[in-house]
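# Observations on the model geometry
Below, each chain spelled out in residue letters.
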Amino acid sequence: MTPPEKQTVVEIDAGPVVTRLDVPATGIVRVRRFPAGGTAPESPLNRYGLIMESDAPAAVEMSRDDAGIMARTGAGSIRVAADSGRIEVCSASGKDVFRETAAPAISDAAEVSLAVPDDLQFFGLGDQTRDRIEHRGTRGDLWVRNVKSYIPIPVLFTNSGVGLLINTTRRVRYDLAASTPDRICLTVPNGEWDVYFFLADSLPGQIDLYTQLTGRPFLPPKWAFGLWFISRTQADAREFVDDCRAFRQYGIPCDAISLEPGWMAGNYDFSTKKDWHPERFPIPPYAPSGPHNFLPAVRRMGFKPGLWLCCDYDLSWEEERRLQRKAALESGNAEAGDVGTFAAGYEQDEHLGGIRRMDTQTIPEEPWFEHLKKFVDQGVCYFKQDGANQVLSHPDRLYANGMRDDEMHNLYPLLYSRQMSEGFAEHTGRRPFGFTVSGWAGLQHYTGTWTGDTGGEEGPLGACLNCSLSGHNMTTVDMEVTTPRGIHFGFFLPWAQLDSWNYWRHPWYQGERIERIFREYARLRYRLLPYLYSCAWEAATTGMPLLRPMPLAFPDDPASTEQMRQYMLGPALLVGAFTEKLHLPAGAWTDFWSGQPALGPVDMVTDVPENRGGPVFVPAGAILPMGPVMDYVGQRPDDELELRIYPGADNAFTLYEDDGETFAHRNGEYRTTEIGLESDPNGGVLRIGPARGAYPGACELRKLEIVFCGVRGAVSATVNGERVAVEPAESERGPEWRITLGRVPVSAPIMLEFRASDTRCDRR
């Protein structure tokens, strides 16, 4: 193997077509095609920095011989044939994964046919189908469309250690062994063929490489993992404040609350002149951002208010500015010749000077986020980016960057989310959490999403699964609040929101039973915040999404690809949605609601309690950190922790903490605590390492309780060699044993040895 250094393989000139291989990072190989004598194509994703190629050395073995050129890593290889330019992609074992079936040619539509093995499975493609998560045998196209395909993503991952990203923003058509059983066909208009291949030994490994290239999932502020509520579009300031007060009075935790389009003076105002509706939301002109207005009032109750947006702005002006092209556009004679002049002796009409643009909404010299700063200064914490015109085609539009809709349509939602995210961060110094309905490759780096006008049931579940299998992390739906099943699903997602829209979907208007169920789920959600936030940090560092479809969590389980109504939420919670039936992979499991044991692999009908909306199971070895109930994030210090331990297998978990709000964690201001479980047939050892790192406001002492779950017999334990009291815990969740350690220093390591009188704690 050559010394680790960034390298580019020499191009292969096979007749009229040149094939070029670049290796931007270890495990990532870029393949481009272009006519002989031409230059390699450059995607808008590269132009605007949405592809983040690293300058770090790439460990790759490259060679050239009479047969062609090859790039090889420990996880696979790519060869380009010298005589034809055809490519062949192999896994680490040497197995062909993709093999080009014909010599490449340049045409108006770049079509590549690849032979594939019979057992190759395909995952990814984003939200463009909702009835399956394994896509072999299907055909379709990737184009942002309202409802039908909100977030198509031109990425394919496989079960054979090789994935690929089609590096374009144009419409992509695919045929995944639908027409010919052993071949796939990928077609991109305009003759451009630019693909990144990901060589990894697993599905998580491919997602890791993909999110290295297109951006890791962003780490949201901690409050984003609480409950979100959207008031009716007809609401006024009084109703908005009353909604906030009702959450507190009914004891339902909630952090974020926002307004739909009715907040605007002009309905669906796409312009930068938008303002508050003067009757519904009167704000005194002499105190536009004073502490006495309604937004600071709800902030003082612990809420983060947000606003609905629609946008049809030409965002390419700002992108070109970022490329330092603004001066060329303004002063490089691009427009100077268009300025009107008048000959002497003629009438001079002042209306006929200057230039005239067809786009009367965009202010070329003003970034889109600029006009939103005044609302942020008044107390707005985030914006909902509605589908509006961003999901519609603009067939006659010429953007300022010279692109037409065939290139900008899929790119536009991505630019929109980036400019919103970066605009908020630059203006406030705080982590943003906007959310949008549409996107393209790389969306995970900038924003959260919800599944738009599709409701909150099985269809949106499929959208969330496919987005997760495409590297996207923060997905949710408009929660269906009228049924326990809808509530169950809505709360067991990466983030949880309830949208009233034109209706009365407030929990306290659903009847006593639904209100009670909703409250219990909301409180459980807040208790899970230490777990959810730690999993979000894992996503931000490895690309592993919080919501994990079964093929991602259990790739060796042959039944995983058929599971459309269940998923893992992090490593410890197996969630069933809109079903009582579950497939449990191999190993021991515990019913989260009842504490009853089960042994997989098995397909089973679960016994869901009357006050719950679906099953939840926990695997043996799980470590589940939970906090106290609170009305909103930050209401109380993070100085209480309950560790729920499910013995029966070895495992580890990293508890992550930071200030939950700023970017200080990027400078090392955060704390991690390593927790490890070693199990044996009679009990085991739980090790809690000393907290590593620090951040302002971090607690030094923490009230710590440890609960052993699903253990049938009495438990005895020692902590650092000294016997401690173990008490049976009263719980709906079956047999539990609690150890209360009181307030302990987070810097002190803890070794807890435990034994059980009934060895059924080991159910392997």
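The structure displayed is predicted, hence computed values, not measured ones. (Residues numbered from 1 in each chain as written. Predicted model: local features only at pLDDT ≥ 70, side-chain atom pairs only at ≥ 80, totals over all residues. Heavy atoms only, no water.)

### A closer look at the state of the cysteines
For clarity, the threshold we go by: Cysteine sulfur pairs qualify as disulfides if the two atoms are within 2.5 Å. Here's how the labels work: a residue is buried when its accessible area is under 20% of the maximum for its type, exposed when over 50%, partly exposed in between, all with a 1.4 Å probe on protein chains only.
Across all of its chains, the model carries zero disulfides by this definition. Cysteine Cys-699 shares no disulfide, and the gap to the nearest cysteine sulfur, in Cys-535, comes to 19 Å. Under the relative-accessibility criterion, Cys-699 is labelled buried at 15%.

### Some words on helix H9 (residues 458–468)
One turn of the α-helix equals 3.6 residues, which is why residues spaced by three or four share an orientation. Using the following cut-off: Starting at the N terminus, helices and strands are each numbered in turn, a helix being any DSSP run of H or I of at least four residues and a strand any DSSP run of E of at least two.
Among the eleven residues that make up H9, nine are buried, leaving the element largely enclosed by the rest of the structure. What H9 keeps buried is the set Pro-460, Leu-461, Gly-462, Ala-463, Cys-464, Leu-465, Asn-466, Cys-467 and Ser-468.

### A look at the sheet that holds strand S29 (residues 597–605)
Heads up, the condition is: If DSSP finds at least two bridges between two strands, the strands pair. Inter-axis angles, ranging from 0 to 180 degrees, are taken between N-to-C directions of lines fitted to C-alpha atoms, where helices are fitted over the stretch in contact. Should any heavy atoms of two residues lie within 4.5 Å, those residues are counted as being in contact.
The six strands are arranged S25-S26-S27-S30-S28-S29 in an open sheet whose pairing can be described as antiparallel. Every interior strand has two partners, whereas the edge strands, strand S25 (547–549) and S29, have only one. Strand-to-strand twist of the sheet, defined as the mean angle between neighbouring strand axes without regard to direction, takes the value 25 degrees. Contacts between H9 and the sheet are confined to S25 and strand S26 (566–569), with S25 contributing the most and set at about 90 degrees to the helix.

### What to know about the packing of aromatic side chains
Definition in use: For Phe, Tyr and Trp, rings pair up if their centres lie within 6.5 Å, where Trp contributes its six-membered ring, and each pair is then called stacked (planes under 30 degrees apart), edge-to-face (over 60) or tilted (otherwise).
This model, assessed by the stated rule, comprises 49 aromatic pairs. Geometrically, the ring pair formed by Phe-592 and Trp-593 is edge-to-face, given 5.3 Å between the ring centres and 65 degrees between the ring planes. Across this residue pair, the class does not change: Phe-592 and Trp-593 are buried. Taken together, the ring pairs connect Phe-218, Trp-223, Trp-228, Tyr-382, Phe-433, Phe-435, Trp-450 and Trp-495 into an aromatic cluster.

### Let's talk about the pattern of salt bridges
Stated precisely, the cut-off is as follows: Each reported salt bridge corresponds to a side-chain nitrogen of Lys or Arg within 4 Å of a carboxyl oxygen of Asp or Glu.
Taken as a whole, this structure holds 53 salt bridges when the rule is applied. As a salt-bridge pair, Arg-565 and Glu-458 come within 3.5 Å of each other at their nearest N and O atoms. Placement of Arg-565 in the loop between helix H13 (550–553) and S26 and of Glu-458 in helix H9 is noted, with a sequence separation of 107 residues between them. Classification of Arg-565 by relative accessible area gives partly exposed; the value is 38%. Judged by its relative accessible area of 31%, Glu-458 is partly exposed. One salt bridge connects Glu-520 with Arg-612, and the closest N-O pair in it is separated by 2.8 Å. Of this pair, Glu-520 sits in helix H11 (residues 512–527) while Arg-612 is found in the loop between S29 and strand S30 (616–619), placing the two residues 92 residues apart along the sequence. Taken together, the shared-partner salt bridges in this structure form one network comprising Glu-11, Arg-20, Asp-22, Arg-30, Arg-32, Glu-42, Glu-53 and Asp-194.

### Observations regarding the pairing of strand S15 (residues 183–189)
When you tally the buried positions in S15, you get five out of seven residues, the bulk of the element. For strand S9 (residues 109–115) and S15, the ladder comprises seven bridges, and the chain directions are antiparallel. Bridged to Ser-113 within S15 is Cys-185. Direction of pairing for strand S14 (residues 172–176) relative to S15: antiparallel, over a ladder of four bridges. Within S15, the position partnered with Arg-173 by the bridge is Thr-187. If you look at the hairpin formed by S14 and S15, you'll find six residues sitting between the two strands, and Ala-177 has a positive phi there, around 60 degrees.

### Some points on empty space enclosed by the protein
For the record, the criterion: Each cavity reported here is a set of points on a 1 Å grid over the protein atoms alone in which a 1.4 Å probe fits but cannot get out, each pocket an open set with protein on both sides within 12 Å along at least five of seven lines, and each lining residue one with an atom within 4 Å of a point. Grid points are joined across faces, edges and corners, and a volume is the space filled by probe spheres set on the points. Only Asp, Glu, Lys and Arg are considered charged, only Ala, Val, Leu, Ile, Met, Phe, Trp, Tyr, Cys and Pro nonpolar, and every remaining residue, Gly among them, polar.
Applying the stated criterion across every chain yields a total of six cavities of 30 Å³ or more. As for the largest cavity, its lining consists of 14 residues, and the residues nearest its centre are Thr-673, Ile-688, Arg-702, Leu-704 and Val-746. When residues of the lining of the largest cavity are traced back to their parent elements, those giving at least two are strand S32 (640–645), strand S34 (671–680), strand S37 (701–709) and strand S41 (736–745). Across the lining of the largest cavity, the residue classes tally to eleven nonpolar, two polar and one charged. If you go around the second largest cavity, the residues you meet are Phe-369, Cys-381, Tyr-382, Phe-383, Gln-385, Met-420, Ser-421, Phe-424, Pro-432, Phe-433, Gly-434 and Tyr-446. Here the lining of the second largest cavity is composed, by residue class, of nine nonpolar, three polar and no charged.

Bear in mind that shape data such as this cannot, by itself, settle questions of function.
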